[in-house]
Amino acid sequence: MDDPRRALADRLSAFDRVVEVGIGRRPGVAAGLAERGVDVTATDVVEREVPTGVDFVRDDVTAPAPAVYADAAAVYALNCPPELHRPLRVVAADAGAVCYFTTLGGDHPTVPVEREQLPGGETLYRVREDGPGRTKDK
């Protein structure tokens with residue numbers, strides 16, 4: 001695992017149970033969290049192989065199965081595209097979980113966030129609980 005991914009795993013390991021949305025083909029952070037004793041569930045819209053210690057559920061954050069996120073302390077997505085920022089925020093808020101994401105280099109957050117610069121240069125965005133777009137109804 002490279003330094004930015006290690007820093008992400010270090011930061012998110014403060015939570016007992018997390019859900020990674022859109023794990024794709026880069027399961028390094030989820031694996032690092034599982035190695036640290038965090039209960040990790042990974043989701044994606046297509047079936048993905050995940051490391052030992054990581055549970056996988058096929059789910060689409062734009063039409064989520066609420067039970068997947070129900071007991072999560074944090075929900076996060078890596079390299080999250082702008083069109084998924086709001087659905088990610090909604091699913092985390094509905095679960096009562098803290099919401100984090102990273103973006104692809106030039107993308108800017110489309111929801112209210114606080115920025116945290118991690119060792120290795122990665123910017124981690126924590127979705128603020130105030131502001132527009134928190135729930136499906138607003």
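Predicted model, so just to flag it, every value in this text is computed and none were measured.

Section: the overall build of the protein chain
A tally of regular secondary structure across the protein chain gives four helices and seven strands. When the helices and strands of the protein chain are read in sequence order from the N terminus, they spell out α-β-α-β-β-α-β-α-β-β-β. Expected size for 138 residues packed as a compact globule is a radius of gyration near 14 Å; at 14 Å, the protein chain falls within 12% of this value. Taking the principal axes of its C-alpha atoms as reference, the protein chain extends roughly 40 × 30 × 25 Å. By residue count, 46% of the 138 residues in the protein chain fall in the buried class. Considering only intrachain contacts with a sequence separation of at least 6, the fraction spanning at least 24 residues in the protein chain is 47%. Summing over all exposed atoms, the protein chain offers an accessible surface of approximately 7000 Å²; the carbon and sulfur share of this is 47%.

Observations concerning the packing of aromatic side chains
All told, the structure shown has two aromatic pairs when counted by the stated rule. Seen in terms of ring centroids, Phe-101 and Tyr-125 are 5.4 Å apart; in terms of plane orientation they differ by 25 degrees. Their pairing is stacked. Pair noted here: Phe-101 is in strand β5 (residues 98-101) and Tyr-125 is in strand β7 (residues 123-127), with a separation of 24 residues, a long-range link. In this pair, the class of Phe-101 matches that of Tyr-125, namely buried.

With respect to the sheet that holds strand β2 (residues 39-44)
Sheets are built from strands that pair by backbone hydrogen bonding, the pairs being arranged parallel or antiparallel. One open sheet holds the seven strands; their spatial order is β3-β2-β1-β4-β5-β7-β6, and the pairing between them is mixed. Two strands bound the open sheet, and with one partner strand each, they are β3 (54-58) and β6 (113-117). Between one strand axis and the next, the sheet turns through 25 degrees on average, direction left out of account. Where strand β1 (residues 17-21) lies against strand β4 (residues 74-77), three bridges are found, and the strand directions are parallel.

Some details on the pairing of β6
Direction of pairing for β6 relative to β7: antiparallel, over a ladder of five bridges. Among the inter-strand pairings, Gln-117 is bridged to a residue of β7, identified as Thr-123. Counting the residues between successive antiparallel strands, the hairpin from β6 to β7 contains five residues, one of them, Gly-120, with a positive phi of roughly 95 degrees.

Section: helix α2 (residues 28-35)
Among the eight residues of α2, six are classified as buried, and the element is accordingly described as predominantly covered. The positive-phi residue at the C-terminal boundary of α2 is Gly-37, with phi of around 90 degrees.

A closer look at the packing of helix α1 (residues 3-12) against α2
Remark: α1 packs on α2, axes separated minimally by 9 Å, with the N-to-C direction vectors making an angle of 45 degrees. Our classification of the angle between α1 and α2 gives oblique. Judged by the twist between their axes, the crossing of α1 over α2 is right-handed. Seen from α1, the contacting residues are Arg-5, Leu-8, Ala-9 and Leu-12; seen from α2, they are Val-29, Gly-32 and Leu-33. The class makeup of the residues in the contact of α1 with α2 is five nonpolar, one polar and one charged.

Reading the values: the criteria
Residues numbered from 1 in each chain as written. Predicted model: local features only at pLDDT ≥ 70, side-chain atom pairs only at ≥ 80, totals over all residues. Heavy atoms only, no water. Helix = DSSP H or I, 4+ residues; strand = E, 2+ residues; numbered from the N terminus. Rg over C-alpha atoms; globule rule 2.2 N^0.38 Å. Buried < 20%, exposed > 50% of the residue type's maximum accessible area, 1.4 Å probe, protein only. Contact = heavy atoms within 4.5 Å. Areas by Shrake-Rupley, 256 points an atom, 1.4 Å probe, with all protein chains shown as cover. Phe/Tyr/Trp six-rings, centres within 6.5 Å; stacked < 30°, edge-to-face > 60°. Pairing = 2+ DSSP bridges. Axes fitted to C-alpha atoms, helices over the stretch in contact; angles between N-to-C directions. Parallel < 35°, antiparallel > 145°, perpendicular 65-115°, else oblique. Left-handed = near helix turned anticlockwise from the far one by under 90°. Nonpolar A, V, L, I, M, F, W, Y, C, P; charged D, E, K, R; others polar.

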